[in-house]
Amino acid sequence: MNYEILWAFALATASLAIFPGPDNIYVLTQSIVHGKKYGLATTAGLISGCLVHTTLLAFGVSAIISLNPMLFYTIKLFGAIYLFYLAFKVWRASADLRIDLNVSPKKSLGQLYKQGFIMNVLNPKVTIFFLAFFPGFLFSEFLSTTLQFYILGFLFMLISFTIFSLIAVLAGSISGYLQSHPKAPWVLKWLQVLVFSGIGLYLLLSYK
């Protein structure tokens with residue numbers, strides 16, 4: 001097992017979870033408007049949905065690897081290109097970070113969990129991202145690829161859940177900081193560009 005690859009995956013996952021995106025902004029707004037436990041319920045739903053994407057990836061890509069290894073390397077190349085594309089999109093986007101507090105009426109914790117789960121499972125961008133991100137971080141020549149994808153998936157979920165939960169708990173402080181530091185969104189934007197580009201470059205260098 002190559003633990004350096006696992007550490008790289010964990011660092012990349014943590015970086016991606018921290019940067020503003022639709023999911024963690026939604027958690028942030030639910031926590032600010034309704035309270036921390038509502039942000040945590042949303043987080044639990046969002047992260048649970050990742051298990052569906054992990055399962056699809058684990059069995060689908062593992063089958064591809066067993067049938068055609070060259071096609072698998074093509075998937076890794078696609079992953080690098082897709083991450084460069086995401087970096088380009090972030091670069092082109094405005095650095096303004098708007099937190100819309102005009103959210104829908106308060107829902108129960110169960111409803112928020114269900115909504116977060118459905119939001120994640122039915123989002124095709126998550127499927128594409130998992131397909132682009134995970135294959136470049138297979139870390140063992142002895143474990144089955146299916147098991148490796150599940151290990152990566154659970155590590156991704158654990159790290160993302162931890163960071164999203166911190167966002168929910170610290171929502172007020174985070175919102176206050178962003179409002180009092182107008183340059184913070186600009187810094188986050190360029191850090192996000194660097195992370196996407198760095199992961200894409202890593203996938204290209206690991207292509208063999």
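See above for the structure.
Residues numbered from 1 in each chain as written. Predicted model: local features only at pLDDT ≥ 70, side-chain atom pairs only at ≥ 80, totals over all residues. Heavy atoms only, no water.

S.K.: A description of the overall build of the protein should follow, citing residues and the corresponding values.
M.R.: Counting its secondary structure elements, the protein contains nine helices and zero strands. Along its sequence from the N terminus, the protein presents helices and strands in the succession α-α-α-α-α-α-α-α-α. Taken over the C-alpha trace, the protein has a radius of gyration of 18 Å; the compact-globule value for 208 residues is 17 Å, and the two agree within 12%. Expressed as lengths along the three principal axes of its C-alpha atoms, the size of the protein is roughly 50 × 35 × 25 Å. Looking at the protein residue by residue over its 208 residues, the buried ones come to 43%. Long-range pairs, those at least 24 residues apart, make up 85% of the contacts in the protein between residues at least 6 apart in sequence. Of the accessible surface of the protein, which amounts to about 11,200 Å², a share of 71% is contributed by carbon and sulfur atoms. Positive and negative charge centroids in the protein, built from 13 and 5 side chains respectively, lie 9 Å apart. (Helix = DSSP H or I, 4+ residues; strand = E, 2+ residues; numbered from the N terminus. Rg over C-alpha atoms; globule rule 2.2 N^0.38 Å. Buried < 20%, exposed > 50% of the residue type's maximum accessible area, 1.4 Å probe, protein only. Contact = heavy atoms within 4.5 Å. Areas by Shrake-Rupley, 256 points an atom, 1.4 Å probe, with all protein chains shown as cover. Lys, Arg positive; Asp, Glu negative; His and termini not counted. Charge placed at Lys NZ, Arg CZ, Asp CG, Glu CD.)

S.K.: Please set out the nonpolar core residue by residue, giving values where relevant.
M.R.: Side chains of a nonpolar character, in soluble globular proteins, are inclined to be buried together. In this structure, Phe129, Phe133 and Phe134 are the most contacted members of the largest nonpolar core, which totals 38 residues. Counting residues per element, the ones that place at least two in this core are α1 (3-18), α3 (36-67), α4 (69-92), α6 (124-133), α7 (145-169) and α9 (184-205). Not counting chain neighbours up to four residues away, the residues in contact with Phe129 comprise Leu16, Tyr82, Leu83, Leu86, Phe156 and Phe196. By size, the runner-up hydrophobic cluster in this structure holds 13 residues, among which are Ala17, Val27, Leu28 and Leu46. (Core = buried A, V, L, I, M, F, W, Y, C linked by side-chain atoms within 4.5 Å.)

S.K.: Tell me what's going on with helix α5 (residues 109-121), and back it up with residues and numbers.
M.R.: Between its first and last C-alpha atoms α5 spans 18 Å; for 13 residues at 1.5 Å apiece the expected length is 18 Å, and the two agree. Taken as a whole, α5 has its buried residues at Leu112, Gly116 and Asn120. Taken around the axis of α5, the buried residues stretch over an arc of 65 degrees, which confines them to a single face. Tucked inside the fold, the buried residues of α5 contact α2 (22-34), α3 and α6. (Expected span 1.5 Å × (residues − 1). Arc of directions from axis to C-beta.)

S.K.: Summarise the packing of aromatic side chains; cite the residues concerned and give the values.
M.R.: Per the counting criterion, the structure on display carries 18 aromatic pairs. Ring centres 5.3 Å apart and planes at 65 degrees place the aromatic pair Phe9 and Phe137 in the edge-to-face group. Taken together, the residues span a long stretch of sequence, with Phe9 in helix α1 and Phe137 in the loop between α6 and α7 at a distance of 128 residues. For Phe9, a relative accessible area of 0% translates into the label buried. Among the residues examined, Phe137 registers a relative accessible area of 2% and is labelled buried. For the ring pair Phe133 and Phe137, a centre distance of 5.2 Å and an interplane angle of 65 degrees mean the geometry is edge-to-face. Take Phe133 and Phe137: they sit in the same class, and that class is buried. Among the aromatic side chains, those forming a connected cluster through ring pairs are Phe9, Phe129, Phe130, Phe133, Phe134, Phe137, Phe156 and Tyr202. (Phe/Tyr/Trp six-rings, centres within 6.5 Å; stacked < 30°, edge-to-face > 60°.)

S.K.: How would you explain a nonpolar patch on the surface if you had to name every residue and give the values?
M.R.: On the surface, Tyr85, Phe88, Trp91, Trp186, Val187, Trp190, Leu191 and Leu194 cluster together to form a nonpolar patch covering roughly 840 Å² of accessible area. Among the elements of the structure, α4 and α9 are those that each provide at least two residues to the nonpolar patch. The element that contributes the greatest number of residues to the nonpolar patch is α9, accounting for five residues. With respect to the element layout, Tyr85 can be found in helix α4. Relative accessible area serves as the criterion here: at 43%, Tyr85 is assigned to the partly exposed category. (Patch = residues over 30% accessible without salt bridge, like charges linked within 9 Å, V, L, I, M, F, W, Y side chains within 5 Å. Salt bridge = Lys/Arg side-chain N within 4 Å of Asp/Glu carboxyl O.)

S.K.: Which residues make up the side chain of Lys189, and what values do they have?
M.R.: Relative to the elements of secondary structure, Lys189 occurs in helix α9. When near neighbours in sequence (up to four residues on either side) are disregarded, Lys189 contacts Val90, Trp91, Ala93, Ser94 and Ala95.

S.K.: Go over the layout of surface pockets, please, and point to the residues and values.
M.R.: If you roll a probe as big as a water molecule over the atoms, it shows you where there is empty space left. Estimates place the volume of the largest pocket at around 1,200 Å³. Along the wall of the largest pocket there are 37 residues; nearest its centre are Pro20, Gly21, Pro22, Gln192 and Phe196. Breaking the lining of the largest pocket down by element, the ones donating at least two residues are α1, α2, α3, α4, α5, α6, α7 and α9. Taken together, the residues that form the lining of the largest pocket break down as 24 nonpolar, eight polar and five charged. (1 Å grid on protein atoms, 1.4 Å probe; cavity = no way out; pocket = protein on both sides within 12 Å on 5 of 7 lines; lining within 4 Å. Points joined across faces, edges and corners; volume = space filled by probe spheres on them. Nonpolar A, V, L, I, M, F, W, Y, C, P; charged D, E, K, R; others polar.)

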